[in-house]
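Close look at the chain arrangement
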Amino acid sequence: MSELVAISFDANASPRIELSKTRRMRESAPSASPAIYGWGVGWYPASERGAAVLKDPGSGGDSQVGAALRDWDRFRSTLFVCHLRGHRRRRSEQDLQPFVRSYAGRHWIFAHDGDLDRGWAERFPLGDDPSFEPLGRSDSEHAFCWLLSRLHARRARSLSDVPAGELRQWLLELNAKGQLNITLSDGDLLVAYRDATAHDALYWTRLMPPHEIVDLRSDSVCIGLDAPEDPNRTLLVFSSTPLSSNGWQPLDPGQLMIARRGSVIWDSDPDQLGARAGAAQGTVVSANPVLHSEVAQQQAALEPSTQPTGSTGIPGAPRAERLLEVVQETVYRYEELVERSSHRILLKPIQDKFQFLESFELDLSPSGVCVEYDDVFGNNAFAVEISSPYTELRVASRARVRVCAPEAIEGRHRQDTIPLVWMPSQRQMLQAYLLPMELPETQLEELSHFAMSFVERNDSDLVGVLLDMNETIYRDFSYVTGSTTIASTPFDVFQSRQGVCQDFANLMICLARLLNVPARYRMGYLFTGADYENKIQSEASHAWLELYIPRVGWHGFDPTNGVQVRSDHIRVAAGRNYRDATPTTGTIYRGGGTETLSVSVQVSEVG
């Protein structure tokens, strides 16, 4: 049995690959010896279309060639394909995997575990004047050339040009005449297929930072994730054997999976479509119209009981319109008497074509001089001056709002691509929403790599990038109350992979601005329903973000729940960041001392 290992990172990475040293068996008794000879590693330096391959046909890893893997500065890519311990005896380099061929202006890498039946050359002819011919005499290389010939005959110049279901049929055709576990890459997508007869196993897992396990290890190889420049990489790994103790899932016999930039974008097993909990996760995120349409057809074929309810967990189908009532009470208590204070209050929901404010009441105790005005961000604000002494300040509001769901945007709904180009006048008007948070350059560079992974995964399609980003933050980041503070930065959240709603909104705002997409912070309320799992979001104000999309305008995304804003969201205030849209802020001019704060929120549907 050969050992296959293939890795898809979300951004360029330099994994440490160490091949285990083994004691060679005598070639005079090959039937008694394990397959220990020959190994090869293929990758795409700097994620370009040209591939590099390092092979050693005569060793099991204990060679100077193997040692070079640890220190080679060009060993940096988003894709790696390995074929290890494939033979019981030495083979020539031309018969050693993985194989590489040039076609359609790119290199293709192929690795195969298994044996085709006798007569494979006749069963899978390459034609009288083949475009692709094997250099060696192996069935694996012949199968690779046959696949490339099929791609050429179909005029497909990349894997994304072929419907994934059709690609799987080609592999099943090969598999009908032998054993077939394969990994295949065109420098963009990574394909993994498991033998339909379950001849040998093939496993997969998805690992996200912070990495608790930095060494993925088997008897043949150790893959280290401890490169100091790559602490925040997400990776999807396919392997013939699990490389760590947990989190691995076997591919079913005949199952085909396609990965791109650290995520699954197509899966032939409908039960594995959509977001999955745990370390091994896959999701349909492709903006590629061929892959996307096939996924949609598979999802539509699912029974209602197995159809995903949406990544939010918000029960039921989206409602076009809701009449909601919000009651909030905020109480400040002070150790010493406050003699005078001033406050800004942002509790009154906005009114526009998607949201109609039927009634609003604001009550303060003690009372003060209250002036209502529109702030520079267009929010309904109240300026309050309190001159009477107090030790407790109570701010209570009640609003009844009719909310209509904006039209959702979908991948390829618009034809805009990244990078976006703004006219000078537009850039001047949007400037406040285009500047990312002031962070160290190294942190912004790392966040920029993360943002660009969505661009690469979605072929620069603007809407596809934004939907993918929204879903990924929901799927890959944990909602943990108390895990962050008001001082936590987007980079802190990116590293820890946990936070609360304002953290996830701030992270996506930062990523969007790094891609030159205007983004603003939105504070409001979320109606979760009586049976919603996470009541925390309905017991306090909620936070999400709005992105300015050409010819659409400001459009809301809620990465905490992985959805676009709909009739469950009541919009109150917006700004560049949390401070611009804080529900209540103020200044104490004399007295006060230690302050304690309590907030209660109730959101209910009327009628």
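Fair warning: this is a prediction, and the values are worked out from it, not measured in the lab.

For helix α10 (residues 501-514), which comprises 14 residues, the first-to-last C-alpha distance of 20 Å matches the rise-based estimate of 20 Å (1.5 Å per residue) to within 8%. Burial runs high along α10: 13 of the 14 residues are buried. At the exit of α10 stands N516, carrying a positive phi of roughly 70°.

Burial analysis of strand β25 (residues 542-549) places seven of its eight residues in the buried class, the great majority of the element. Sheet analysis places strand β24 (residues 519-526) next to β25, joined by six bridges and oriented antiparallel. When the sheet's bridge partners are listed, Y521 is paired in β25 with L545. As paired strands, β25 and strand β26 (residues 553-558) are joined by five bridges and run antiparallel to one another. Directly across from L547, in β26, lies its bridge partner H555.

Our next topic: the sheet that holds strand β2 (residues 16-19). In space, the three strands of this open sheet follow the order β2-β12-β11, with antiparallel pairing throughout. Each having just a single partner strand, β2 and β11 (215-217) make up the two edges of the open sheet. Strand-to-strand twist across the sheet, computed as the mean angle between neighbouring axes with direction ignored, equals 15°. Taken together, the four bridges between β2 and strand β12 (residues 221-224) define a ladder with antiparallel strand orientation. Counterpart to I17 in the pairing with β12 is I223.

What follows is about the packing of aromatic side chains. Scanning the model with the defined rule gives 15 aromatic pairs in all. Between F477 and F504, the aromatic rings sit 6.2 Å apart at their centres with planes inclined by 70°, giving edge-to-face as the arrangement. Pair noted here: F477 is in the loop between α8 (462-476) and β22 (478-479) and F504 is in helix α10, with a separation of 27 residues, a long-range link. Each member of the pair F477 and F504 is classed as buried. Geometrically, the ring pair formed by Y521 and Y578 is edge-to-face, given 6.1 Å between the ring centres and 85° between the ring planes. Within this pair, whereas Y521 is found in strand β24, its partner Y578 is found in the loop between β28 (569-575) and β29 (584-591), the two being separated by 57 residues in sequence. Overall, Y521 belongs to the buried group, its relative accessible area being 2%. Put simply, the rings of W422, Y433, Y548 and W554 pair up and form one aromatic cluster. A cation sits over an aromatic face here: R497 above F450, 5.4 Å from the ring centre. The lysine or arginine in question, R520, covers the ring of W554, its NZ or CZ lying 4.2 Å from the ring centre.

With respect to topology, five strands assemble into an open sheet ordered β27-β26-β25-β24-β28, the strand pairing being antiparallel. Edge positions in the open sheet fall to β27 (563-564) and β28, since each of these has one partner strand only. Taken together, the six bridges between β24 and β28 define a ladder with antiparallel strand orientation. Considered in β28, the bridge of Y521 is made with G575. Contacting β25, β26 and β27, α8 runs over the sheet at an angle of about 30° to β26. Sheet strands touched by α10: β24, β25 and β26. Its angle to β25, the strand with the most contacts, is close to 15°.

Within the fold, A505 resides in helix α10. Classification of A505 as buried rests on a relative accessible area of 0%. A sequence separation of 14 residues divides A505 from A519, and the C-alpha atoms of the two residues are 9.8 Å apart. Beyond its immediate chain neighbours, meaning those up to four positions away, A505 contacts Y521, A543, W544, L545 and P559.

The rules we used
Residues numbered from 1 in each chain as written. Predicted model: local features only at pLDDT ≥ 70, side-chain atom pairs only at ≥ 80, totals over all residues. Heavy atoms only, no water. Helix = DSSP H or I, 4+ residues; strand = E, 2+ residues; numbered from the N terminus. Expected span 1.5 Å × (residues − 1). Buried < 20%, exposed > 50% of the residue type's maximum accessible area, 1.4 Å probe, protein only. Pairing = 2+ DSSP bridges. Axes fitted to C-alpha atoms, helices over the stretch in contact; angles between N-to-C directions. Phe/Tyr/Trp six-rings, centres within 6.5 Å; stacked < 30°, edge-to-face > 60°. Lys NZ or Arg CZ within 6 Å of the ring centre and 35° of its normal. Contact = heavy atoms within 4.5 Å.

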